[in-house]
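Geometric and topological summary
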Amino acid sequence: MGCQTLVKFRLPLFTFHSMVDHLLGIEGLSKSEINRYLDTAHSFVEVSERDIKKVPTLRGKTVVNIFFEPSTRTLASFDIAGKRLSADTINVSASSSSVKKGETLLDTVRTLESMNPDILVMRHSESGAPHFAARYLSRASVVNAGDGAHEHPTQALLDLLTLRQHFAEKGRGIEGLKVGFVGDVRHSRVARSNVWAHIALGNEVRLIGPSTLVPPDFVASFGSKSVRVVHNLSEGLDGLDVVVALRMQLERQDEHFIPNLDEYSKEYCVSEPILARCCPGSVVLHPGPMNRGTEISGDVADGPRSLIRRQVNNGVAVRMAVLYLLARTAEPHEELER
Ligand code: NCD
């Protein structure tokens, strides 16, 4: 499991240095800290609907997005978020960086720090890599944009913002929801961050998938009675308010966890007939990228219960909120200029 790498790096989950804060994970965040991110994101949604989608809030700040793993929506939305706040943003990908020439993570991080960025947004295949960077950076905040199979905090926040908007339209909040994660839970940093968030909100969580993909140690790591494992899809979906379909992450699988994708999808693909039968009022999330026909059917992905496009849209506002709140901690008296 990727999390073993955390032990390799021997790092705490949260690192607070002098005046600099980081967002490394959802684990350990309180309900009010989560709500602070969501409230701030809510106030930024409107900026992206303007004709001129730019505010001067982070003028003069520098955001470096360094991605050691492929990304479409996360990288694009961090870049757009920084630009909409008037920060200077640069994107460095591992394939075009000196990492290809053998540079260590520490040397890469120190090199970037020498250019005085205010925020370093990092995605890495090793769990714990952003925590490692946070430990060595004294002036820049670090945002975890996905570390191995460990955490993906901004994805969990944008998922929550999406649910908040949807359930507000139905006249309710997002506490007391029944939420199920279906599929490759074992390798999913999205599931891990979301589960921590739903535990903080007091929600009921079900992890649904074959036993090879929902291992007991994953569940035990939450130490919460509100997290339950169900191996049968119909039973797991029964009465859920929210279904989160997870991508089959073949790139993280070094052994065979399922017989083959056809067999898997017969038992675990989230399709309209099974949702209509087991949880007719549910909404569906997927972090993307989707494998249609494997973990989610096209009729669900494009159908009325899908909030997937809304998730992508909210990614920008959530990342604006994260950049804003972290940049602001260094300057507590700065006002939000709009
Ligand atoms: C997720 C990720 O990279 O962890 N995608 C994303 O950030 N939108 C989920 C995935 O790759 O399956």
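Sequence order as written defines residue numbering, which begins from 1 separately in each chain. Restriction of local features to residues with pLDDT of at least 70 applies here, the model being predicted, together with a cutoff of 80 or more for giving and counting side-chain atom pairs; totals for whole chains, interfaces and linings are based on all residues. The side-chain figures draw on all heavy atoms in the structure; neither hydrogens nor water molecules are used.

What follows concerns the side chain of Thr162. Put simply, DSSP marks the helices as runs of H or I at least four residues long and the strands as runs of E at least two long, and each gets a number from the N terminus on. Among the secondary structure elements, Thr162 is positioned in helix H6 (residues 153-169). Within 3.5 Å is the distance limit for a polar contact, defined as a pair of N or O atoms, with the added protein rule that one can donate a hydrogen and the other accept it, and that residues adjacent in sequence qualify only through two side-chain atoms. A polar atom in the side chain of Thr162 sits 3.0 Å from the side chain of Asn314. Contact definition: two residues touch when any of their heavy atoms are within 4.5 Å. Once residues lying within four places of it in the same chain are set aside, the contact partners of Thr162 are Leu285, Leu307, Arg310, Gln311 and Asn314.

Our next topic: the pattern of salt bridges. Side chains bearing opposite charge may pair, as long as their charged atoms lie close to each other. Counted as salt bridges are all cases of a side-chain nitrogen of Lys or Arg within 4 Å of a carboxyl oxygen of Asp or Glu. Tallied over the full model, the rule gives 11 salt bridges. Between Glu46 and Arg50 there is a salt bridge whose closest N-O contact spans 2.9 Å. As a salt-bridge pair, Glu251 and Arg247 come within 2.6 Å of each other at their nearest N and O atoms. To sort residues, take the accessible area from a 1.4 Å probe on protein chains only and compare it with the maximum for the residue type: under 20% means buried, over 50% means exposed, and anything in between is partly exposed. On the basis of relative accessibility, which here comes to 49%, the residue Glu251 falls in the partly exposed class. Here the salt bridges do not stand alone but share partners, grouping Glu69, Arg189 and Arg252 into one network.

Multiply 1.5 Å by the residue count of a helix minus one, and that product is the helix's expected span. Helix length check: helix H2 (residues 31-45) (15 residues) gives 21 Å between terminal C-alpha atoms against 21 Å at 1.5 Å per residue, within 8%. Buried within H2 are the following residues: Ile34, Tyr37, Leu38, Thr40, Ala41, Phe44 and Val45. Buried residues of H2 fall within an arc of 165° about the axis and therefore sit on the same side. Projecting away from the buried face of H2 at angles above 90 degrees are the exposed residues Ser32 and His42. The directions considered for the arc run from the helix axis to the C-beta atoms.

The subject of this paragraph is the state of the cysteines. Disulfides are defined as pairs of cysteine sulfur atoms found within 2.5 Å of each other. Applying the stated rule across the entire model yields 0 disulfides. No disulfide involves Cys269; its sulfur sits 13 Å from that of Cys279, the nearest cysteine. Note on Cys279: no disulfide assigned, nearest cysteine sulfur contributed by Cys278 at a separation of 6.1 Å. Residue class for Cys279 comes out buried when judged on its relative accessible area of 2%.

Right, let's get into the layout of surface pockets. Rolled over the atoms, a probe with the dimensions of a water molecule shows which regions are left empty. Empty space within the largest pocket amounts to approximately 380 Å³. Of all elements in the fold, only helix H3 (73-84) and helix H7 (189-200) reach the threshold of two or more residues within the lining of the largest pocket. Grouping the amino acids of the lining of the largest pocket by side-chain chemistry returns 5 nonpolar, 8 polar and 7 charged. Per the annotation, domain bounds derive from an automatic or database assignment of domains. Summarising the domain contributions, the lining of the largest pocket has at least three residues from each of domain 1 (8-151 + 314-330) and domain 2 (153-312). Using a 1 Å grid laid over the protein atoms alone, points where a 1.4 Å probe fits but cannot get out form a cavity; open sets with protein on both sides within 12 Å along at least 5 of 7 lines form a pocket; any residue with an atom within 4 Å of a point counts as lining. Grid points are joined across faces, edges and corners, and a volume is the space filled by probe spheres set on the points. Residues are grouped as follows: Ala, Val, Leu, Ile, Met, Phe, Trp, Tyr, Cys and Pro are nonpolar; Asp, Glu, Lys and Arg are charged; all remaining types, including Gly, are polar.

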